[in-house]
Amino acid sequence: MENEEQLIQACLQNDRNAQRKLYNAYAGRMLVVCARYTQNKEEAEDVLQEAFIKIFQNLSKFRGESTLGAWIKRIVINVAINHIRAQQHFQGMSDVQEYENQFTDGLTSIEGIHFKELIEMIRKLPKGCQSVFNLYAIEGYQHKEIAEMLNITEGTSKSQYARARAILQSQLSVNS
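This is a predicted model, so every value here is computed, not measured. (Residues numbered from 1 in each chain as written. Predicted model: local features only at pLDDT ≥ 70, side-chain atom pairs only at ≥ 80, totals over all residues. Heavy atoms only, no water.)

Colleague: Honestly, the overall build of the chain in this entry has me stumped. Any pointers?
Modeller: When its secondary structure is counted, the chain shows nine helices and zero strands. Reading the secondary structure of the chain in the N-to-C direction produces α-α-α-α-α-α-α-α-α. Looking at the chain residue by residue over its 176 residues, the buried ones come to 44%. Within the chain, contacts between residues at least 6 apart in sequence are counted, and of these 70% link residues at least 24 apart. (Helix = DSSP H or I, 4+ residues; strand = E, 2+ residues; numbered from the N terminus. Buried < 20%, exposed > 50% of the residue type's maximum accessible area, 1.4 Å probe, protein only. Contact = heavy atoms within 4.5 Å.)

Below, the structure is given as structure tokens:
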């Protein structure tokens, strides 16, 4: 395959080699995304597989308005969110003020923490905190968008994020 457009066209014609190339080109990076939303490797792999099924089913809808990688990542995140919704494990928190003043020192430094250790710390967060933390801190969504995606209030999104930061900050303090 010479370029991305040819690869997409070959995938749309059910060319198994092209589909394998597309999968291999993105699966590793997207597994990392899935891992941030799940509790273990097997669950992350299940979400990834479900996402790629959706990617191949909807590839004809890709319009090139963003990069193929960004389009794929958006689908992976949406599948991960749907997976989380299906599990319904959100904490019923909504009081942001409880956490607001705990973060006067700016961002917590994570120097010396290996990426895998950080992923494990994030995986140990309560489900709601984990999801909101990933969407806000890593993916860059705003609390209003997160609230809409997860069917929670904006206040709950903010409090889940604050709680996640407090837990991670505590874990980082213990590890340093």
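Next comes the rest of the description.
Colleague: Would you mind going over the confidence of the model for the chain with me for this structure?
Modeller: Detailed reading of the predicted model is not advised wherever pLDDT is low. In the predicted model, the chain carries a mean pLDDT of 83, and 83% of its residues have values of at least 70. Looking over the chain, one finds the lowest element-wise mean pLDDT in helix H5 (residues 97–100), namely 38, and the highest in helix H3 (residues 41–58), namely 95. (pLDDT = per-residue confidence, 0-100.)

Colleague: Whenever I open this one, the pattern of salt bridges confuses me. Can you help?
Modeller: Where charged atoms of side chains with opposite charge meet at close range, the side chains can pair. Within this structure, the stated rule accounts for six salt bridges. Among the salt bridges present, the one from Lys-41 reaches Glu-45, with a minimum N-O distance of 3.9 Å. Here Lys-41 and its partner Glu-45 are both found in helix H3, four residues apart, which amounts to about one turn of the helix. A relative accessible area of 32% places Glu-45 in the partly exposed class. In this structure, Lys-127 and Glu-43 form a salt bridge, with 3.8 Å as the shortest nitrogen-oxygen distance. Pair noted here: Lys-127 is in helix H7 (residues 127–138) and Glu-43 is in helix H3, with a separation of 84 residues, a long-range link. With respect to class, Lys-127 is no different from Glu-43; both count as buried. Look at the salt bridges and you will find they share partners, linking Arg-36, Lys-73 and Glu-139 into a network. (Salt bridge = Lys/Arg side-chain N within 4 Å of Asp/Glu carboxyl O.)

Colleague: Where do I start with the packing of aromatic side chains in this structure?
Modeller: Under the counting rule described, the total for this entry stands at five aromatic pairs. Consider the rings of Phe-133 and Tyr-161, whose centres lie 5.9 Å apart with planes at 15 degrees: the pair is stacked. Here the residue Phe-133 occupies a position in helix H7, and Tyr-161 occupies one in helix H9 (residues 154–175), the gap between them amounting to 28 residues. Across the pair, Tyr-161 and Phe-133 agree in class, each one buried. (Phe/Tyr/Trp six-rings, centres within 6.5 Å; stacked < 30°, edge-to-face > 60°.)

Colleague: How should helix H8 (residues 143–150) be read in this particular structure?
Modeller: Two residues of an α-helix separated by three or four positions point the same way, owing to the 3.6 residues in each turn. Every buried residue of H8 is listed here: His-143, Ile-146, Ala-147, Met-149 and Leu-150. Down the axis of H8, the buried set is contained in an arc of 165 degrees. They therefore lie on one face. Away from the buried face of H8 by more than 90 degrees, exposed residues Lys-144 and Glu-148 are located. Just downstream of H8, Asn-151 is the residue with a positive phi angle, here 55 degrees. (Arc of directions from axis to C-beta.)

Colleague: Would you mind going over the environment of Met-121 with me for this structure?
Modeller: Tracing the backbone shows Met-121 in helix H6 (residues 115–123). Once the C-alpha coordinates of Met-121 and Gln-171 are considered, the two residues, 50 residues apart in sequence, prove to be 7.5 Å apart.

Colleague: Is there a simple way to think about unusual backbone geometry in this case?
Modeller: The phi angle of most residues is negative, glycine excepted, and most peptide bonds adopt the trans form. Positive phi values are uncommon outside glycine, yet Asn-14 reaches one of about 60 degrees. Although it is not a glycine, Asn-151 sits at a positive phi angle of roughly 55 degrees. Tracing the sequence through the fold places Asn-151 in the loop between H8 and H9. Residue classification places Asn-151 among the exposed residues on the basis of a relative accessible area of 62%.

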